[in-house]
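Secondary and tertiary structure notes
So you can see what is in the structure, the chains are spelled out below.
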Amino acid sequence: MKNALVTTLALIATCPWICRADEETSTSGGTAAQLAMTPPMGWNSWNAFEKDIDEKKIKAIADAMVRSGMRDAGYIYLVLDDAWMAKRRDRKGRLMADPEKFPNGMKAIGDYIHRKGLKYGLYQDRGKMTCQQLPGSFGHEKIDMETFAAWGVDYIKLDSCFAESNGRMSSEDYAIYRKHIRATGRPIVLSISDFGNAAWAWGGKESAQLWRTSNDIYPWMGSIYACADTSAGDRAIHPAFNGLWQFAGPGHWNDPDMLHVGNLKDLKGDRKKVGDRAHFSLWCILAAPLMAGNDLRTMSDDVRHVLTAPELIAVNQDQRGVQGYKVFDDGDREVYNKPLSDGTTAVLLLNKGAEKADVTVRWDQIGLSGTQPVRDLWARRDLGECEDSFTARDLGQHEHRMLKVGRPGPPLPTPAPMPLEKYTVTRPGETYLSDLYYIWKARNAPAYDATFGGGPITIGGRIYKKGFGCKGKSAFMFKVAGRADRFRAVVALDGTSQENAQGRFRVYNEDFFANKILWDSREMTKNSPAREIDIELDDVQCLMLVFDGDKAFGNWANARVIDESD
Ligand code: GAL
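Residues numbered from 1 in each chain as written. Predicted model: local features only at pLDDT ≥ 70, side-chain atom pairs only at ≥ 80, totals over all residues. Heavy atoms only, no water.

To continue, consider the sheet that holds strand β2 (residues 77–80). Taken in spatial order, the 8 strands of this open sheet run β7-β6-β5-β4-β3-β2-β1-β8, and their pairing is parallel. At either end of the open sheet lies a strand with only one pairing partner, and these are β7 (253–255) and β8 (290–292). Strand-to-strand, the axes of this sheet are offset by a mean angle of 25°, without reference to chain direction. As defined by bridge partners, strand β1 (residues 41–44) adjoins β2 across 3 bridges and the pair is classed as parallel. (Pairing = 2+ DSSP bridges. Helix = DSSP H or I, 4+ residues; strand = E, 2+ residues; numbered from the N terminus. Axes fitted to C-alpha atoms, helices over the stretch in contact; angles between N-to-C directions.)

Below, the structure written as structure tokens:
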């Protein structure tokens, strides 16, 4: 896979440099259209305190945001995560503050936050309960959005626990909130928290300004890198896309989750600083929302310097809003590029590997040539002019350089975004899904036009040239964009599965949350006869194929959709 990625990146790097087509304004509409034109910045209570929040603590955080210079560095939103609310609604069905934690109510804490020159954020959940089993918004969407607006809320993090009982697809759910938010007339940022459930594919940007691309982040480097790779790598999308950069821009951002700068538990002493910086540089180059998650009351100067580094924040907040993308990745060493509005470009050279390493960026990988000025953004120092390339030498694990390269001038082009015909259904008749790149995946990626082991897909003695081979658990989604009237395939466990293997094939409309299962093979064994799928699809935007196998390999032979229009 890594080799394939390096090849893909090499291709992207050598492709003609064409301006991206999707530099458009947000389609969120109404007052929301101008929101989050750069990635939102703020602080959220979850990573530091989890459920343990109260009025005194939150006021002290607001004070610290001002005193530490965080607010003036751009961290404007103070967001209270789960567990601020009472266990019950009031008699009119309105949410109430937990009376012990917030005795003066949620409007009062919001007023305090506003008086500090900050903006007020609250967590809620679209299911019947929040993740901490407090009242969720399902069935109360309108009144909750009205209540939030009356409290002066400026930002809502809308989580997804228990949303699988809503019976609505994520796109439907979030559209309901956007409608009710719009009706309040208050400009409120909506942050989709759904553990990375493909909002870039099903149209998160129609309703929200940011969406999670990952599962929850934890305070160790493996988790930091895994989250970054949902946005920048092939953890959540086909490697040919080179990450999710083409789905982000002003007003709609990929969110690899909140920051753990200052919280890292797997590094000690000076190494902690190295890890904090790598984490922050990654989030800056990826144009990720910067939601600090440390206890600001006790923040060390080292951590404050990381979070408020002006030249790093300037890269994140660059008004052009291009999400950085990899131009090199060999598994340990990575190089990212983020063209900026002033004609220069930000470059991150990172060594994730245990061995010391040199990491090089060549100007032709970032759309430049000849001799270029280079600036070190952490040191805030010009490093002079470099010809053709720059090499960061002897980088230890997690060490990196964050650079600005080039001269002010017209903005540098980005690579061409993946063309629609490579990942959506664009023509009448049959489209083999294995001729399209999947737009989302979880767990094992499928093999294309082969079994997972690389052999020909063979079912009942017949060899199928097209289809997918899966192993274990494997879910992947195609954007069929309402152009698929039927889905057809033949499914069976592969002959190489273990004797006692079991597996189940399911076809979903859009996502797990809605539970809209269009076809279900039920448990199959190696001896089960192949099953033929031929189902009608009605206005399906995203089609998800799920194989759930235990010691099993499963094949989706001849998986294809049919557009029956003339
Ligand atoms: C999770 C969410 C976390 C946090 C937590 C609160 O689902 O991903 O960021 O909000 O719920 O219970």
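It is worth spelling out helix α5 (residues 105–115) at this point. What α5 keeps buried is the set Gly 105, Met 106, Ile 109, Gly 110, Tyr 112 and Ile 113. Those residues of α5 that are buried are in contact with α3 (55–67), β2, β3 (119–125) and α6 (141–151). Within two residues after α5, Gly 117 carries a phi angle of roughly 80°, on the positive side. (Buried < 20%, exposed > 50% of the residue type's maximum accessible area, 1.4 Å probe, protein only. Contact = heavy atoms within 4.5 Å.)

A few words now on the packing of aromatic side chains. Scanning the model with the defined rule gives 25 aromatic pairs in all. Judged by centre distance (6.3 Å) and plane angle (70°), the rings of Phe 241 and Tyr 437 are edge-to-face. One end of the pair, Phe 241, is in the loop between α9 (221–232) and β7; the other, Tyr 437, is in the loop between β17 (429–432) and β18 (440–443), and 196 residues separate them in sequence. For Phe 241, a relative accessible area of 2% gives the class buried. For the ring pair Phe 452 and Phe 553, a centre distance of 6.2 Å and an interplane angle of 35° mean the geometry is tilted. One end of the pair, Phe 452, is in the loop between β19 (447–448) and β20 (457–459); the other, Phe 553, is in strand β28 (residues 542–563), and 101 residues separate them in sequence. Members of the aromatic cluster, joined through ring pairs, are Tyr 438, Tyr 448, Phe 468, Phe 476 and Phe 478. Geometry around Phe 513 places Arg 126 over its ring, the cationic atom sitting 4.6 Å from the centre. The ring of Tyr 225 carries Lys 352 above its face, with NZ or CZ at 4.6 Å from the centroid. (Phe/Tyr/Trp six-rings, centres within 6.5 Å; stacked < 30°, edge-to-face > 60°. Lys NZ or Arg CZ within 6 Å of the ring centre and 35° of its normal.)

Looking now at the site of the ligand. The full set close to the ligand counts 13 residues, and Asp 81, Asp 82, Lys 157, Asp 159 and Asp 216 are the nearest of them. In this structure, an oxygen atom belonging to the ligand sits 2.7 Å away from a side-chain N or O atom of Asp 81. Between Asp 82 and the ligand, the recorded distance is 2.8 Å, taken from a side-chain N or O atom to an oxygen atom. Contact with the protein chains removes 96% of the 310 Å² of surface that the ligand exposes when unbound. (Near = heavy atom within 4 Å. Polar contact = N/O pair within 3.5 Å; in protein donor to acceptor, adjacent residues only side chain to side chain. Areas by Shrake-Rupley, 256 points an atom, 1.4 Å probe, with all protein chains shown as cover.)

Where α3 contacts α5, the two axes come as close as 9 Å, and the packing angle between them is 15°. Viewed along their axes, α3 and α5 adopt a mutual orientation that is roughly parallel. Viewed along their axes, α3 and α5 form a crossing whose handedness is right-handed. Of the residues in α5, those in contact with Glu 55, Ile 58, Lys 59, Ala 62 and Asp 63 of α3 are Ile 109, Tyr 112 and Ile 113. (Parallel < 35°, antiparallel > 145°, perpendicular 65-115°, else oblique. Left-handed = near helix turned anticlockwise from the far one by under 90°.)

As a further point, take the environment of Asp 229. Take Asp 229: it is sitting in helix α9. Along the sequence, Asp 229 and Phe 241 sit 12 residues apart, while their C-alpha atoms lie 12 Å from each other. Sequence-distant contacts of Asp 229, that is, excluding residues within four places in its chain, are made with Asp 234, Arg 235, Lys 326, Glu 334 and Lys 352. There is a polar contact of 2.7 Å between the side chain of Asp 229 and the side chain of Lys 326.

Here we take up the state of the cysteines. In the structure shown here, the tally under the stated rule is 1 disulfide. This cysteine, Cys 470, is not joined by any disulfide, and Cys 542 carries the nearest cysteine sulfur, 18 Å off. Residue class for Cys 470 comes out buried when judged on its relative accessible area of 0%. (Disulfide = S-S within 2.5 Å.)

Side chains that differ in charge, positive against negative, can pair when their charged atoms come close. Taken as a whole and assessed by the stated rule, the structure comprises 42 salt bridges. Across the salt bridge formed by Arg 89 and Asp 144, the nearest N and O atoms sit 2.8 Å from each other. Placement of the pair is Arg 89 in the loop between β2 and α5 and Asp 144 in helix α6, with a sequence separation of 55 residues. In this pair, the class of Arg 89 matches that of Asp 144, namely buried. Here Glu 334 and Lys 326 are joined by a salt bridge, their closest N and O atoms 3.5 Å apart. (Salt bridge = Lys/Arg side-chain N within 4 Å of Asp/Glu carboxyl O.)

Ranked by size, the top nonpolar core spans 101 residues in total, and within it Leu 80, Trp 84 and Phe 280 carry the most contacts. Those residues in contact with Leu 80, other than ones at most four positions away along the chain, are Ser 45, Ile 53, Ile 58, Phe 102, Met 106, Ile 113, Tyr 120, Gly 121, Leu 122 and Tyr 123. Within the second largest apolar cluster, 31 residues are counted, among which are Phe 478, Val 491, Ile 533 and Trp 556. (Core = buried A, V, L, I, M, F, W, Y, C linked by side-chain atoms within 4.5 Å.)

A separate point is the pairing of strand β4 (residues 155–159). Of all 5 residues in β4, 5 are buried; the element is thus mostly enclosed. Covered by surrounding structure in β4 are Tyr 155, Lys 157 and Asp 159 together with Ile 156 and Leu 158, the residues of both alternating faces. Here β3 pairs with β4 via 5 bridges, running parallel. Opposite Tyr 123, over in β4, you have Lys 157 as the bridge partner. In this fold, the crossover linking β3 to β4 by way of α6 has right-handed handedness. In this sheet, strand β5 (residues 189–192) lies alongside β4 in parallel orientation, the contact comprising 4 bridges. Considered in β5, the bridge of Lys 157 is made with Ser 191. The β-α-β motif built from β4, the intervening helix α7 (residues 170–184) and the parallel element β5 has right-handed crossover chirality. (Right-handed = clockwise from strand over helix to strand, strands pointing away.)

Counting through the fold element by element, Arg 168 comes out in the loop between β4 and α7. Here Asp 173 takes part through its side chain, which lies 2.6 Å from a polar atom of the side chain of Arg 168. Setting aside its immediate chain neighbours within four residues, Arg 168 contacts Phe 138, Glu 141, Asp 173, Ile 176, Phe 513 and Ala 514.

On to the layout of surface pockets. Over the atoms, a rolled probe matching the size of one water molecule traces out where space is still vacant. By volume, the largest pocket amounts to about 860 Å³. In terms of lining, the largest pocket is formed by 39 residues, of which the most central are Asn 215, Arg 235, Lys 441, Ala 442 and Arg 443. Counting residues per element, the ones that place at least two in the lining of the largest pocket are α9, β18, β22 (467–479) and β28. (1 Å grid on protein atoms, 1.4 Å probe; cavity = no way out; pocket = protein on both sides within 12 Å on 5 of 7 lines; lining within 4 Å. Points joined across faces, edges and corners; volume = space filled by probe spheres on them.)

So, on to the pairing of strand β11 (residues 345–351). The element β11 is largely enclosed, with a buried count of 7 among its 7 residues. Side chains Thr 345, Val 347, Leu 349 and Asn 351 project from β11 onto one buried face, and the interleaved Ala 346, Leu 348 and Leu 350 project onto a second face that is buried too. By the bridge criterion, 7 bridges tie strand β10 (residues 333–339) to β11 in an arrangement that is antiparallel. Bridging from a neighbouring strand, Glu 334 pairs with Leu 350 of β11.

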